[in-house]
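Now for the letters of each chain:
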Amino acid sequence: MKADAKEQQQSAPSTGRLETPVVSVANKNGGEDQRWLDSLEFLLEYVLKNQGTEHAAQVVSKLSKRLREAGIKLPSAISTPYVNTIPPEDEPEYPGNRELERRIKSLTRWNAMAMVVNANREHAGLGGHISTYASSATLYEVGFNHFFHGGDGDRLGDLIYFQGHASPGNYARAFLERRLDEHHLQHFRQELAEGGGLSSYPHPYLMPNFWQFPTVSMGLGPIMSIYQARFNRYLRARGFVSGEEPKVWCFVGDGESDEPETLGALTLASRENLDNLVWVVNCNLQRLDGPVRGNGKIIQELEAAFRGAGWNVIKVIWGSNWDRLLRADKTGLLTKRMDEAVDGDYQKYSVEPGSYTRKHFFGKYPELLELVNGLTDDQIHKLVRGGHDPQKVYAAFKAAVEHKGAPTVILAKTVKGYGLGEAGEGRNISHQQKKLNEKELREFRERFEVPISDEDVAQTPFYRPPLDSPETKYLLEQRKKLGGFLPARVVRAPKIEIPPLSEFADTFKGSGQTEASTTMAFVRLLTQLLRNNKIGKHIVPIIPDEARTFGMDALFRQIGIYAPKGQLYEPVDSESLLYYHETKDGQILEEGITEAGSMSSFIAAGTAYANQGVNMIPFYIYYSMFGFQRIGDLMWLAGDIKAKGFLLGATAGRTSLNGEGLQHQDGHSQLMAATIPTLMAYDPAFAYEIAVIVQDGIRRMYQDGEDVFYYLSLYNENYPMPPMPQGVEEGILKGLYKFRKGVEGKKHKAHIFGSGTIIRQALRAQEILAERYDVSADVWSATSYKLLKTDVQRVSRWNMLHPTEPRRKSYLETILEPEKGVFVAVSDNIKLVPDQIAPWVPGGLDTLGTDGFGRSDTRENLRRFFEIDAESTVIATLYSLAKKGEIEMKLVAQAIKDLKVDPEKVYPLTV
């Protein structure tokens, strides 16, 4: 690639006196000020001439830092020259055995590559990734050998969010550590193999003793790491943990930074001074299809973003063999050329011979050609990037863990597919590389000195040195010093004593004539739980700036809002009883308007039993429409990570939240909840149902240790809460029970399933059917269609696979089998929610629901529009009877007239 002609004509910067005129301060000490400025200018000229431009930039940076520390306000530089942040003279001595570490890293590289190659040789299409770990091997190995603390003994281990696509490297290292054997590696991405295999990426659900954090859905690892670091501080502030504080490490891809979740919460980390958090961004300059920023510089872009957000930024761009060149550059041209070249150029340099780099990088300025005149083309090609140099990486990691007052990000420049040579080093195809031919395997072996024979190399065997080898001894000793192996997931939280169901006896009595919504009922229950001396302190209320909407503002004063700095101001509502109360040991996590952040806090709290050794019970309450629809990926991840706790979708229902309109009215979260296998989804109608569900959920998760979590729809419509009928607890938990029997002595029989607040429409329909159409309709409370469907599918599968065995019956079939008549379901959800059980309802199930976009109007009008009001329910029931021949169709037509339902009204789904 030819350099731009105009750029070639530009002259080198002068090393004489600074061209920018010095402006004296206009005061009585003006002459003295000028003398100081002249002295500084002389010093800068001296450093430029004798120590180079890189060192000069660092001197200025240090001077600025000292001035800021002295309280002098200076404009912050959000971008610095394209050189390493830590100068060579400030680098600490490397503490380890570099040669042994190089051999261990080489073996890990080989085994990681062999794992993917072997899997795809045997089963084409299994996939896997070689290039990500190849680029980040040094970053990981320096961490494993010197920084990542395990959780053996009393110390809490560091929490590490490994880059998902680099998982073969984690497996390969665990193989050398003898935590995995050859069978595991031979069955990478073959988890159903006899004896088990290895999951494609970090998945705690699939490998619960190994992985801690799912990270391969881009952007989720970064945002979770921030909220995890904050939650660690929350636990410490509230007295749950003590001792040496673990670090939270997050390995991020530079292309991953385009995901909004990756950079969206940076200011939280700096605002709360999370110096327990370190990010390592693997800047290999490539994503799947091509360069991350071909026409720009991703490192400079990220530096500006992180510095602007208040992070400590450490750039690791150039390896040690660049240091001599930078010291020798007295003109500033090398730094200038480094700044000029864009990432697309650097990607090209990594795949071309040194002669190309000599011509196109150094050759732009004659002075730079002279600078490398003593280097061969091969030496130029081997000028390494900083992320592949253990010395540079160690210096950055050490500076990061010692930094105080702010989180740190390390921007490490690497080459994607490093070591793969022509098979994929630095190339756009690197991400997809899964196979190497024999020539490429031999080159890989030679480059990294792997002791595999010529006869065996084509078979890509795994290699592990003997237990008494220097490599194995060193590797195991280093991990022993650092407290054990990582990643490792160990559940050690003691069980907590839960309140018995009898403790909620007042809820079971009903509210009499007092009206309340199910949201209010939940808040009262939560308040009661918070006061419980056994589990109250373990509860973590999480709210995304809607506490007043949900009637939770009383908790502000009672338990306080967590704020690490306390409350440095007098709140505007300090004179009121329910003022906004922030405190250092507050219990509420008031997250502001961020569902993704709130869910990240839920996950951190819901996994504390495994990651922190303490059971915490998160209750995350939010606008239901902005749950699964907005952050469904994080909710799916919560299942993978085995999080525990309660999700509360408040203001649910497409017609119950009547005034807010289309964007707010939720009628499908229950259906989306049905997609997550470990999520127990409920749609309760009454306060006593909520109490039964929550108490049983706490028992299952925190006493019995089940790996499940809960979702409850809550509504904002007020009505009297009835007392709990006798013996309905089992039906509440399994998903369906008969709430109110129909009037005896009627000619026809029907059953209406009602959910949430719409059960009241079913109850009114029950009255109309009995009074006007001679129909006795039983009303059932359908608390969970998902659980009913799961149970009936499980039983149906067993029957299919055991055809000669006595047939089993599901709970649904058992309770409905003796019933006569037709079945109708009505809810504030779309019809597919109750339709989940339709195939197993005797005679079929006719459903009413809120399919279509929402509207702003009164509840009465909306329910008529969506055809889920009492009158529409009556018509649906009569039509079901007519289809069975129980009544004539003309009676249905008459009922439509009598009930003033317009048969020509628009179809809600299509308008």
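Look a little higher up for the structure.
These figures come from a predicted structure and were not determined experimentally.

Asker: Help me understand the overall build of the protein in this model?
Answerer: Regarding its fold elements, the protein presents 35 helices and 20 strands. C-alpha extents for the protein along the principal axes are approximately 105 × 85 × 55 Å. For the protein, the proportion of contacts with a sequence separation of at least 24, taken over those separated by at least 6, is 77%. As displayed, the protein has an accessible area near 37,600 Å², and 51% of this comes from carbon and sulfur atoms. Here the protein contributes 108 positive and 116 negative side-chain charges, whose respective centroids are spaced 1 Å apart.

Asker: It is not clear to me how a nonpolar patch on the surface should be interpreted in this structure. Could you clarify?
Answerer: On the surface, a nonpolar cluster with roughly 460 Å² of combined accessible area is contributed by Leu37, Leu40, Leu43, Leu63, Leu67 and Ile72. Along the chain, leucine 63 turns up in helix 2 (residues 30-69).

Asker: So what exactly am I meant to see when it comes to the pattern of salt bridges here?
Answerer: Opposite charge on two side chains permits pairing when their charged atoms draw close. Taken as a whole and assessed by the stated rule, the structure comprises 55 salt bridges. Glutamate 446 is paired through a salt bridge with arginine 445; the nearest N and O atoms lie 2.6 Å apart. Using a relative accessible area of 7% as the deciding quantity, one classes arginine 445 as buried. Lysine 642 is paired through a salt bridge with aspartate 707; the nearest N and O atoms lie 3.1 Å apart. Of this pair, lysine 642 sits in the loop between helix 25 (628-640) and strand 12 (646-650) while aspartate 707 sits in the loop between helix 27 (687-703) and strand 14 (709-713); the two residues are 65 residues apart in sequence, bridging distant segments of the chain. Residues participating in the shared-partner salt-bridge network are Glu99, Arg102, Arg103, Glu449 and Glu471.

Asker: Can you walk me through the environment of proline 202 in this structure?
Answerer: Within the secondary structure, proline 202 is located in the loop between helix 6 (182-186) and helix 7 (220-237). Spatially, the C-alpha atoms of proline 202 and proline 214 are 5.0 Å apart, while their sequence positions differ by 12 residues. Dropping the residues within four chain positions of it, proline 202 is found in contact with Phe162, Gly164, Ser167, Trp211, Phe213, Pro214, Thr215 and Asp640.

Asker: How do you make sense of the pairing of strand 12 when you look at a structure like this?
Answerer: Each regular strand carries side chains that alternate between the two faces of the sheet. In terms of residue burial, strand 12 counts as a mostly covered element, since five of its five residues are buried. Here strand 11 (residues 617-623) runs beside strand 12; their pairing, made up of five bridges, is parallel. From the neighbouring strand, tyrosine 622 faces strand 12, where its bridge partner is glycine 649. On the question of chirality, the crossover connecting strand 11 to the parallel strand 12 by way of helix 25 is right-handed.

Asker: I tried to follow the side chain of threonine 655 on my own but got confused; where do I start?
Answerer: Along the chain, threonine 655 turns up in the loop between strand 12 and helix 26 (669-673). On the basis of relative accessibility, which here comes to 0%, the residue threonine 655 falls in the buried class. A polar contact is formed between the side chain of threonine 655 and the side chain of arginine 863, at a distance of 2.9 Å. With near-sequence residues (within four places) excluded, threonine 655 lies in contact with Ile758, Asp828, Thr850, Arg859, Leu862, Arg863, Phe866 and Ile868.

Asker: How do you make sense of the sheet that holds strand 4 (residues 312-316) when you look at a structure like this?
Answerer: Backbone hydrogen bonds are what pair the strands of a sheet, in a parallel or an antiparallel way. Taken together, the five strands give an open sheet; going across it, the order is 1-2-3-5-4, and neighbouring strands pair in parallel fashion. The sheet terminates laterally at strand 1 (159-161) and strand 4, the two strands that pair on one side only. Across the sheet, the mean angle separating the axes of adjacent strands is 15° when strand polarity is ignored. Direction of pairing for strand 1 relative to strand 2 (residues 248-253): parallel, over a ladder of three bridges. Pairing of leucine 159 across the sheet is with valine 248, part of strand 2. The strands touched by helix 4 (residues 131-146) within the sheet are strand 2, strand 3 (277-283) and strand 5 (408-413), with strand 3 carrying the most contacts at an inclination of about 140°.

Asker: Help me understand the sheet that holds strand 18 (residues 775-782) in this model?
Answerer: Pairing in this open sheet of five strands is mixed, and the strands run 16-18-17-19-20 from one edge to the other. The open sheet terminates on both sides in strands that have one partner only, identified here as strand 16 (736-740) and strand 20 (846-848). Taken pair by pair, the neighbouring strands of this sheet meet at an average axis angle of 30°, ignoring direction. With respect to the sheet, helix 34 (residues 870-883) is in contact with strand 17 (748-754), strand 18, strand 19 (822-826) and strand 20, its orientation differing from that of strand 19 by roughly 155°.

Asker: What is the right way to read the packing of helix 3 (residues 98-122) against helix 18 (residues 438-448) from this model?
Answerer: Angle between the axes and distance between the axes: these two values describe a pair of packed helices. Helix 18 packs onto helix 3 with a crossing angle of 165° between their chain directions and a minimal axis gap of 10 Å. As the angle between them shows, helix 3 and helix 18 are arranged roughly antiparallel. Crossing geometry of helix 3 relative to helix 18 is assigned as left-handed. Along its contact with helix 3, which presents Arg102, Ser106, Arg109, Trp110, Met113 and Arg121, the element helix 18 presents Leu441, Phe444, Arg445 and Phe448. Within the contact of helix 3 with helix 18, the residues separate by chemical class into five nonpolar, one polar and four charged.

Asker: Help me understand helix 17 (residues 390-402), please; the structure alone is not making it clear to me.
Answerer: Think of an α-helix as 3.6 residues a turn; residues three or four steps apart then line up on the same face. The terminal C-alpha atoms of helix 17 lie 18 Å apart, and with 13 residues this matches the ideal 18 Å at 1.5 Å per residue to within 8%. Of all the residues in helix 17, the buried ones are Pro390, Gln391, Lys392, Val393, Tyr394, Ala395, Ala396, Phe397 and Ala400. Where helix 17 begins, one side-chain oxygen reaches toward the backbone nitrogen of glutamine 391, 3.0 Å away; that side chain belongs to aspartate 389.

Asker: How should I be thinking about the side chain of arginine 109 in this particular structure?
Answerer: Mapping arginine 109 onto the fold places it in helix 3. Judged by its relative accessible area of 4%, arginine 109 is buried. Among the polar contacts made by the side chain of arginine 109, one reaches the main-chain carbonyl oxygen of tyrosine 418 at a distance of 3.4 Å. Sequence-distant contacts of arginine 109, that is, excluding residues within four places in its chain, are made with Tyr133, Ala134, Ala137, Thr138, Tyr418, Phe444 and Phe448.

Asker: Looking at this structure, I do not really get the state of the cysteines. What am I missing?
Answerer: What makes a disulfide is a covalent bond joining the sulfur atoms belonging to two cysteines. The full count for this structure, using the stated rule, is zero disulfides. Here cysteine 250 stays free of any disulfide, with the sulfur of cysteine 283 as its closest cysteine sulfur at 13 Å. Classification of cysteine 250 as buried rests on a relative accessible area of 1%.

Asker: Sorry, what's going on with the pairing of strand 2 here?
Answerer: Burial within strand 2 is extensive, with six of its six residues counted as buried. Going residue by residue along strand 2, you find Val248, Cys250 and Val252 tucked away on one face and Trp249, Phe251 and Gly253 tucked away on the opposite face as well. Across six bridges, strand 2 lies against strand 3 in parallel orientation. Bridge pairing in strand 3 places valine 248 opposite leucine 277.

Asker: Looking at this structure, I do not really get the packing of aromatic side chains. What am I missing?
Answerer: The description of two aromatic rings rests on the distance between their centres and on the angle between their planes. Summed over the entire model, instances satisfying the criterion amount to 53 aromatic pairs. Aromatic side chains tyrosine 140 and phenylalanine 162 sit 5.6 Å apart centroid to centroid with 50° between the ring planes, which places their arrangement in the tilted category. One end of the pair, tyrosine 140, is in helix 4; the other, phenylalanine 162, is in the loop between strand 1 and helix 5 (167-176), with 22 residues separating them in the sequence. Neither residue differs from the other here; tyrosine 140 and phenylalanine 162 are each classed as buried. Cation over ring: arginine 189 sits above tyrosine 201, and NZ or CZ is 5.0 Å from the ring centre.

Asker: Would you mind going over unusual backbone geometry with me for this structure?
Answerer: Look at the link from leucine 486 to proline 487: it is a cis peptide, with omega at -5°. By secondary structure assignment, the location of proline 487 is in the loop between helix 19 (470-481) and helix 20 (505-508). Even without being glycine, arginine 178 reaches a positive phi, approximately 70°. Here arginine 178 shows up in the loop between helix 5 and helix 6. Even without glycine at this site, asparagine 273 takes up a positive phi of about 55°. Position of asparagine 273 relative to the elements: it lies in the loop between helix 9 (266-271) and strand 3.

Asker: Just checking my understanding: could you explain the environment of histidine 664 for this structure?
Answerer: Positionally, histidine 664 belongs in the loop between strand 12 and helix 26. Excluding residues within four positions of it along the chain, histidine 664 makes contact with Tyr623, Met625, Phe626 and Leu657.

Reading the values: the criteria
Residues numbered from 1 in each chain as written. Predicted model: local features only at pLDDT ≥ 70, side-chain atom pairs only at ≥ 80, totals over all residues. Heavy atoms only, no water. Helix = DSSP H or I, 4+ residues; strand = E, 2+ residues; numbered from the N terminus. Contact = heavy atoms within 4.5 Å. Areas by Shrake-Rupley, 256 points an atom, 1.4 Å probe, with all protein chains shown as cover. Lys, Arg positive; Asp, Glu negative; His and termini not counted. Charge placed at Lys NZ, Arg CZ, Asp CG, Glu CD. Patch = residues over 30% accessible without salt bridge, like charges linked within 9 Å, V, L, I, M, F, W, Y side chains within 5 Å. Salt bridge = Lys/Arg side-chain N within 4 Å of Asp/Glu carboxyl O. Buried < 20%, exposed > 50% of the residue type's maximum accessible area, 1.4 Å probe, protein only. Pairing = 2+ DSSP bridges. Right-handed = clockwise from strand over helix to strand, strands pointing away. Polar contact = N/O pair within 3.5 Å; in protein donor to acceptor, adjacent residues only side chain to side chain. Axes fitted to C-alpha atoms, helices over the stretch in contact; angles between N-to-C directions. Parallel < 35°, antiparallel > 145°, perpendicular 65-115°, else oblique. Left-handed = near helix turned anticlockwise from the far one by under 90°. Nonpolar A, V, L, I, M, F, W, Y, C, P; charged D, E, K, R; others polar. Expected span 1.5 Å × (residues − 1). Disulfide = S-S within 2.5 Å. Phe/Tyr/Trp six-rings, centres within 6.5 Å; stacked < 30°, edge-to-face > 60°. Lys NZ or Arg CZ within 6 Å of the ring centre and 35° of its normal.

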